[in-house]
Amino acid sequence: MITFTVALAALIAGYFIYGKFVSRVFGVDPKRATPAYTKQDGVDYIPMPAWKIFMIQFLNIAGLGPIFGAIMGAKFGTASYLWIVLGSIFAGAVHDFLSGMISLRNDGESLPETIGRYLGSRFKQFMRVFSVLLMVLVGAVFVAGPAGLLAKLTPDSLDLAFWATVVFVYYVLATLLPIDKIIGKIYPLFAIALIFMAVGILAMLFWHHPSLPELTDGAANTHPDGLPIFPMMFVSIACGAISGFHATQSPMMARCMTSEKYGRPVFYGAMITEGIVALIWAAAATYFFHTDEGTALFAASSGNDNAAIIVNSITRDWLGTLGGLLAVLGVIAAPITSGDTAFRSARLIVADFMRLDQRPILKRLAISVPLFVAGFVILQIDFAVLWRYFAWCNQTLAVFTLWALTVYLVRERKLYAITLIPALFMTAVCSTYIFIAGEGLALSRNLSYALGGAATLAVLGLFLRWKRRYERRNAVPYRKPGSPEKCPGND
């Protein structure tokens, strides 16, 4: 429990120390007008209280990832704690904060427009297609997960197909109606269930004080199938450390934020909160994996059932029947509240690049119906396959976003190392995964590492080349401190 406790404290300290530092690097201006007022339309641009925006942002990004992803990542051992803590503080929260604040500064623009602004028009066109496909994939993934859990809690007549239909109908309403009609009203209730779940499991961890592996015992790989920690763990634990999906959700809140001063608690703070949820579940799952019951249950299950069985077993054992039911409802609420906003985000992305006014309901329907049809078709694919492709696409989107943020910081003559280092690391993770994974090229481990490293160095070389050219084109003449500034035409 020492390693877990230190990791928990580090996440909290990271918000106050590094979060404040990143906020200063960006240069928050509380007096700047926000699009919630300048573009208010009664549908997507609506001023909302900061506490409600935080709740919505947290629930938007806290889907299955920080729970199921952390559970699956815990099989790698205590290394999962390190990735959750360091990833959340130095990569995920920075990624979420800067992408959200840049959107806020640019009328709440969608992520593909931001990436195109800094990586070029070709990237913009690619990201428009890629991000919409990812949003539909997320929506499909986050139908299957909660529907499966609900089917386990209800009579056999209410099967997976029934609950998938119910969730899908809710998604339609949440995507089409103004953001304050459904999302703004029921998210606080969902948040209570999710927070109860996290706090309840945290309290039971300290109450039971289980014997958990410590970093002092070594960060050995304990995965039962022998999968390598790098890059597999860094893709398995996505939303609990860094997730490109988050940057697609931030523009929705940027369109409702009333002041830039709320940027750190909403964007950086929501990611740290999600990291805490992931850490709690990683610790609980680690304990579960070291019990005879946990080993037997896990060996008898497969795919999505793995994490679902663990969630159900831990919550009922530690929190009792009623507490377990509330906790599982929190786990169900988290993906549902990410799935609905995934479809809503897809609608906004399409509306932005097609320049369609979203006030008329018919124009919202014209965009949304094809998205829902595509989501229903994707839903027919096996969940395990869906999750692997979602996880890799999710992290790849984070790579593109981090490079766009790095270019932004270079152009603004700000400390670009805060995004360059995470960008390089995640480039190595995603490129290596392509080479080593079974759904990729399935190459040998050593060859995959070599190719992934070469790809990362190549991207770094391209960045440094661009940076030198950019600085030469935009060089600022040296002026001695105190000397009068020379204006054009004074020669």
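Residues numbered from 1 in each chain as written. Predicted model: local features only at pLDDT ≥ 70, side-chain atom pairs only at ≥ 80, totals over all residues. Heavy atoms only, no water.

J.: Account for a nonpolar patch on the surface, with residues named and values stated.
T.: On the surface, Ile 361, Leu 362, Leu 365, Val 369, Val 373, Phe 376 and Val 377 cluster together into a nonpolar patch covering about 650 Å² of accessible area. Along the chain, Leu 362 turns up in helix 15 (residues 361–378). Residue classification places Leu 362 among the exposed positions, given a relative accessible area of 65%. (Patch = residues over 30% accessible without salt bridge, like charges linked within 9 Å, V, L, I, M, F, W, Y side chains within 5 Å. Areas by Shrake-Rupley, 256 points an atom, 1.4 Å probe, with all protein chains shown as cover. Salt bridge = Lys/Arg side-chain N within 4 Å of Asp/Glu carboxyl O. Helix = DSSP H or I, 4+ residues; strand = E, 2+ residues; numbered from the N terminus. Buried < 20%, exposed > 50% of the residue type's maximum accessible area, 1.4 Å probe, protein only.)

J.: With reference to specific residues and values, describe unusual backbone geometry.
T.: Each neighbour pair has its own omega, and for Phe 230 with Pro 231 the value is 5°, a cis peptide bond. Take Pro 231: it is sitting in helix 10 (residues 229–236). The phi angle at Arg 413 is positive, at roughly 55°, despite the residue not being glycine. Mapping Arg 413 onto the fold places it in the loop between helix 16 (383–411) and helix 17 (417–436). Phi at Ala 442 is positive, roughly 55°, even though this residue is not glycine.

J.: Which residues make up the confidence of the model for the chain, and what values go with them?
T.: Scored by pLDDT, the chain has a mean of 84; 87% of the residues are at 70 or more. Taken together, the stretch residues 300–305 has pLDDT below 50 and engages in seven contacts with residues farther than four places along the chain or on a different chain. With pLDDT under 50 throughout, residues 485–491 is counted as low confidence; its partners more than four residues away or in other chains account for two contacts. (pLDDT = per-residue confidence, 0-100. Contact = heavy atoms within 4.5 Å.)

J.: An account of the pattern of salt bridges is requested, with residue identities and associated values reported.
T.: If you walk through the whole model with that rule in mind, you get 10 salt bridges. In this structure, Glu 260 and Arg 32 form a salt bridge, with 3.4 Å as the shortest nitrogen-oxygen distance. Placement of Glu 260 in the loop between helix 11 (244–254) and helix 12 (263–289) and of Arg 32 in the loop between helix 1 (2–26) and helix 2 (35–38) is noted, with a sequence separation of 228 residues between them. For Arg 32, a relative accessible area of 38% puts it in the partly exposed group. Glu 260 is the partner of Arg 105 in a salt bridge, and the nearest nitrogen-oxygen pair spans 2.5 Å. Of this pair, Arg 105 sits in helix 5 (residues 79–105) while Glu 260 sits in the loop between helix 11 and helix 12, and the two are 155 residues apart along the sequence. For Arg 105, a relative accessible area of 24% gives the class partly exposed. Note on Glu 260: relative accessible area 1%, which makes it buried. Each of Arg 32, Arg 105 and Glu 260 takes part in one network of salt bridges that share partners.

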